[in-house]
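Here's the letter readout for the chains.
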Amino acid sequence: MIIENHRCFGKEIANSTLFQSKEIGMIVEKHKKPFSIIPKVFAISLDDKENKLFKRESEKLSIEIETDKNKDIQNPQNVELYSNEILQHLLIEENKYIINQYMTPEQQPDINIKMRAILIDWLIDVHAKFKLQDETLYITISLIDRYLSLAQVTRMRLQLVGVAALFIACKYEEIYPPALKDFVYITDNAYVKSDVLEMEGLMLQALNFNICNPTAYQFLQKYSTDLDPKDKALAQYILELSLVEYKFTIYKPSQIAQSVIFLVNKIRTPTYKTQNENYLKPCAKQLCTLLQIADQSSLQAVRKKFNASKFFEISRIKVEKINK
């Protein structure tokens, strides 16, 4: 049984409106071995044949380091040649998937914003445990919001919606998606396989099988090319904090991603300015407040995830008041 922190799952989520907290262990991060460079003094003392060998090895090493630094550019999946065209296409497509505000007594009388936040926090933890792709998480949450804007859901079936959305996103995005039984298992058998499959069908029908809409993560990848790795980790951390908050559904994914980049630059350089600052400021201010109070929230899945060494333990950052 998977034990989660500050979230309800299994039979407990189906039978109560509050989530019960349990303890969880930290995820152990693996460290890459650093490159070792051969000292020049050893290379000089060898004969010409061996010197040529060391030269080749040295050239190979420099190529590897350069490739590691520019892996975003070298990655063929980024399709740098068509990057601008792809971005323009995403900007057009996102207008087709604007989410109507659905958390109203008329549209969703049995669930509220807090329940959504707890569900998303739990899914972020599950996503980390399964070691899924980043894009899978964003597609999952997008599917949840889009479905909830179209269909009424009871609190008894809210977690089922989340599990079915993750199930769909995994089959779409992952090379080796978890098995159906794994999704039943993480709910503590509150649902059976047929429940997940039935909800999957209902969601796909309601969404007309349109799964891959533009997400904020895709825009972040496009807009963050000039950031160093640590700032990229900070940007992703802020972006994932916003996933838990329902109020950010009023913004377009591109606006959230741009606001995150603006905020990161503002944190690093308080005098930073940009042309569309007035457009980004409202969202950026909310993101900044969210970042400042993150350690006070009862939902800590994102902070725990970004406390890992591969994210430079960026969730420990403390942001003071930023000048307007």
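Provided above is the structure to which this section pertains.
Residues numbered from 1 in each chain as written. Predicted model: local features only at pLDDT ≥ 70, side-chain atom pairs only at ≥ 80, totals over all residues. Heavy atoms only, no water.

*Asks:* Looking at this structure, how should I read the overall build of the protein?
*Replies:* Each helix and strand in the protein was counted, giving 15 helices and zero strands. Burial analysis of the protein (324 residues in total) assigns 44% to the buried set. Relative to all contacts within the protein whose residues are 6 or more apart in sequence, the contacts with residues 24 or more apart total 74%. Per element, the accessible surface of the protein, about 18400 Å² overall, is 54% carbon and sulfur. (Helix = DSSP H or I, 4+ residues; strand = E, 2+ residues; numbered from the N terminus. Buried < 20%, exposed > 50% of the residue type's maximum accessible area, 1.4 Å probe, protein only. Contact = heavy atoms within 4.5 Å. Areas by Shrake-Rupley, 256 points an atom, 1.4 Å probe, with all protein chains shown as cover.)

*Asks:* So what exactly am I meant to see when it comes to the nonpolar core here?
*Replies:* The tendency in soluble globular proteins is for nonpolar side chains to be buried side by side. Counting residues in each nonpolar core, the largest one holds 85 residues, and the members touching the most others are Ile120, Leu143, Ile144, Met203, Tyr237, Ile238 and Val260. A total of eleven residues in this core trace back to one element, the largest contributor, which is helix α8 (residues 158-173). Dropping the residues within four chain positions of it, Ile238 is found in contact with Val260, Leu263, Val264, Leu287 and Leu291. (Core = buried A, V, L, I, M, F, W, Y, C linked by side-chain atoms within 4.5 Å.)

*Asks:* What's the story with the pattern of salt bridges in this structure? I'm lost.
*Replies:* Where charged atoms from two side chains of opposite charge come close, those side chains can pair. Within this structure, the stated rule accounts for eleven salt bridges. Here Arg155 makes a salt bridge to Asp110, at a shortest N to O gap of 3.4 Å. In this pair, Arg155 sits in the loop between α7 (134-148) and α8 while Asp110 sits in the loop between α5 (83-93) and α6 (113-130), placing the two residues 45 residues apart along the sequence. A salt bridge links Glu313 to Arg316; the nearest nitrogen and oxygen atoms lie 3.8 Å apart. Each of Lys273, Glu277 and Lys281 takes part in a single network of salt bridges with overlapping partners. (Salt bridge = Lys/Arg side-chain N within 4 Å of Asp/Glu carboxyl O.)

*Asks:* Please explain the layout of surface pockets as it appears in this structure.
*Replies:* The computed volume of the second largest pocket comes to approximately 390 Å³. The leading source of residues in the lining of the second largest pocket is α7, at five residues. Looking at the lining of the second largest pocket residue by residue, the classes come out as 14 nonpolar, five polar and six charged. (1 Å grid on protein atoms, 1.4 Å probe; cavity = no way out; pocket = protein on both sides within 12 Å on 5 of 7 lines; lining within 4 Å. Points joined across faces, edges and corners; volume = space filled by probe spheres on them. Nonpolar A, V, L, I, M, F, W, Y, C, P; charged D, E, K, R; others polar.)

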